[in-house]
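Letter by letter, the chains look like this.
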Amino acid sequence: MCTSCADLSLGRRMFLGAAAAAGLTALSACGNGDPGAERPTSPSPSPASPTPRPTAPSPTPSETEQTSLEQVEESLDGRSPKQWGLDVTGVVTSFAASGNRAVLTLDACGGPAGSGYDERLIEVLRSTSTPATLFINKRWAQEHRSVTQELVGDPLFEIANHGTRHLPLSVTGRAAYGISGTANLRDAHAEIAQNQDYFRDTYGLELRRFRSGTAHADEVAVEMAQMLGVEVVNFSLNADAGATHSPSEVHAALAAVQPGDICIGHFNQPSSGTADGVASALEAAAERGIEWATLEQALPRP
Ligand SMILES: [Zn+2]
């Protein structure tokens, strides 16, 4: 079991009403090649052109760049969080569905026990044209540069931020599953911003959504994320219990999906039961008319 990147093992539905219950068992999910060719480049000016060179449009500063650590500290320093867990103020866990829409999110946690790639699971999604939002940790992206490049370039997928070091998002160092959270505002800022910067610099991609390692956060840290233009998203249905479920358990959990659910699984544990369970659950969900979407498609842009 991975101690540095535990994800939760119980469905959030089971947490509701008992979110602060202690003693929850943590289970593991986690255990550059230069992709720069895909980055947008400004057109090359023609040296022979008699007209003034076309100039590249000025890049629009991202929210992350616009909101500096100093601004965050000015607004939030001294605030003491009162909430801690999966469903604190500001965290999105489900949505008001139009029709039969539901969202599948899959995490890649990175780190020593969390850097596998469940290629079969991704192939299941591609072969069934199932959109998904992929939350990727910076360490995983760095370990799988060419794969990340492919995922970034696949319109079936939305890429989201699963943290820089895969830590619970805290402004006080609060722990989840024995894993110490970020120690203060500065560390929490870095946990989000450094992965934002990595994807922006490497892929020209501005990530819009964040889920912390262990999915735990306090409400002050969530407010900070919002200042950075990033929406914190957890889930209403836990499909694979940190990639520990058998295929039949994944099937049972995911086949029960309802419109408006945000489901969580993992694509960093190829020996898990997730791929097989997801494959059969997608068939069952399709028979019930479930229509899968990414968070970007299902939610208003933050
Ligand atoms: Zn994770």
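For the structure, check the block above.
Residues numbered from 1 in each chain as written. Predicted model: local features only at pLDDT ≥ 70, side-chain atom pairs only at ≥ 80, totals over all residues. Heavy atoms only, no water.

1. Quick notes on helix H9 (residues 247-254)
Counted only if it meets this: Accessible area is worked out with a 1.4 Å probe on protein chains only. A residue is then buried under 20% of its type maximum, exposed over 50%, and partly exposed in between. Note on conventions: DSSP H or I runs of at least 4 residues are helices, E runs of at least 2 residues are strands, and numbering of each starts at the N terminus. Regarding the arc, it is the one traced by the directions from the helix axis to the C-beta atoms. Residues are treated as being in contact if the distance between any of their heavy atoms lies within 4.5 Å.
The set of residues buried in H9 consists of Val250, Ala253 and Leu254. Axial view of H9: buried residues confined to an arc of 85°, hence all on one face. Exposed and oriented more than 90 degrees from the buried face of H9 are Ser248 and Ala252. Contacts made by the buried residues of H9 are with strand S4 (101-108), strand S12 (237-238), strand S13 (262-266), helix H10 (274-287) and strand S14 (291-293).

2. Comments concerning the packing of aromatic side chains
The cut-off we apply is this: Whether two aromatic rings pair depends on their centres lying within 6.5 Å, for rings of Phe, Tyr and Trp, where Trp uses its six-membered ring; planes under 30 degrees apart make the pair stacked, over 60 edge-to-face, and the rest tilted.
Applying the stated criterion across every chain yields a total of 6 aromatic pairs. Centre to centre, the rings of Tyr117 and Phe267 are 6.5 Å apart; their planes meet at 85°, and the pair counts as edge-to-face. With Tyr117 in the loop between S4 and helix H4 (119-127) and Phe267 in the loop between S13 and H10, this residue pair connects regions lying 150 residues apart in the sequence. By the burial criterion, Tyr117 is buried, and Phe267 matches it. With a centroid separation of 5.1 Å and 65° between ring planes, the pair formed by Trp140 and Phe267 is classed as edge-to-face.

3. Examining the pairing of strand S5 (residues 132-136)
We apply this condition: Should DSSP find at least two bridges between two strands, the strands are regarded as paired. Crossover handedness is defined by viewing with both strands directed away from the observer: a clockwise path from the first strand over the helix to the second marks the crossover as right-handed.
The buried fraction of S5 is high, at 5 of 5 residues. Of the two faces of S5, the one carrying Ala132, Leu134 and Ile136 and the one carrying Thr133 and Phe135 are both buried. Pairing geometry for S4 and S5, over 4 bridges, is parallel. Bridge assignment links Asp107 to a residue of S5, and that residue is Phe135. Of the crossover connections in this fold, the one passing from S4 over H4 to the parallel S5 is right-handed.

4. Observations regarding the environment of Leu167
Tracing the sequence through the fold places Leu167 in the loop between strand S6 (157-161) and strand S7 (175-176). Separated by 50 residues in sequence, Leu167 and Ala217 have C-alpha atoms that sit 9.4 Å apart. Discounting residues that sit within four places of it in the chain, Leu167 has contacts with Ile179, Ser180, Thr182, Glu191, Ser212 and Gly213.

5. A short note on the nonpolar core
Keep this limit in mind: The set of buried Ala, Val, Leu, Ile, Met, Phe, Trp, Tyr and Cys residues whose side-chain atoms join them within 4.5 Å is what this entry labels a nonpolar core.
In this structure, Leu125, Leu134, Ile136, Leu151, Leu254, Phe267 and Trp292 are the most contacted members of the largest nonpolar core, which totals 39 residues. With 6 residues, the single largest contributor to this core is H10. Listed in part, the 19 residues of the second largest apolar core include Val91, Ile192, Ala217 and Ala225.

6. Some details on the pattern of salt bridges
Opposite charge on two side chains allows them to pair when their charged atoms are near. Operational definition: Whenever Lys or Arg places a side-chain nitrogen within 4 Å of a carboxyl oxygen from Asp or Glu, that contact is recorded as a salt bridge.
Enumeration over the complete set of coordinates arrives at 9 salt bridges. Across the pair Glu223 and Arg79 runs a salt bridge, and its minimum N-O distance is 2.9 Å. With Glu223 in helix H8 (residues 219-227) and Arg79 in the loop between helix H3 (69-76) and strand S3 (84-85), the pair connects residues that are 144 residues apart, well separated along the chain. With a relative accessible area of 36%, Arg79 lands in the partly exposed category. Here Arg200 ties to Asp197 by a salt bridge, and the two come within 2.8 Å at their closest N and O atoms. Remark: Asp197 and Arg200 occur in helix H7 (residues 185-203); sequence separation between them is 3 residues, near one turn of the helix. Residue classification places Asp197 among the partly exposed positions, given a relative accessible area of 29%. Here the residues in one salt-bridge network are Glu158, Arg209, Glu231 and Glu296, joined through shared partners.

This is a description of form; function is not addressed.
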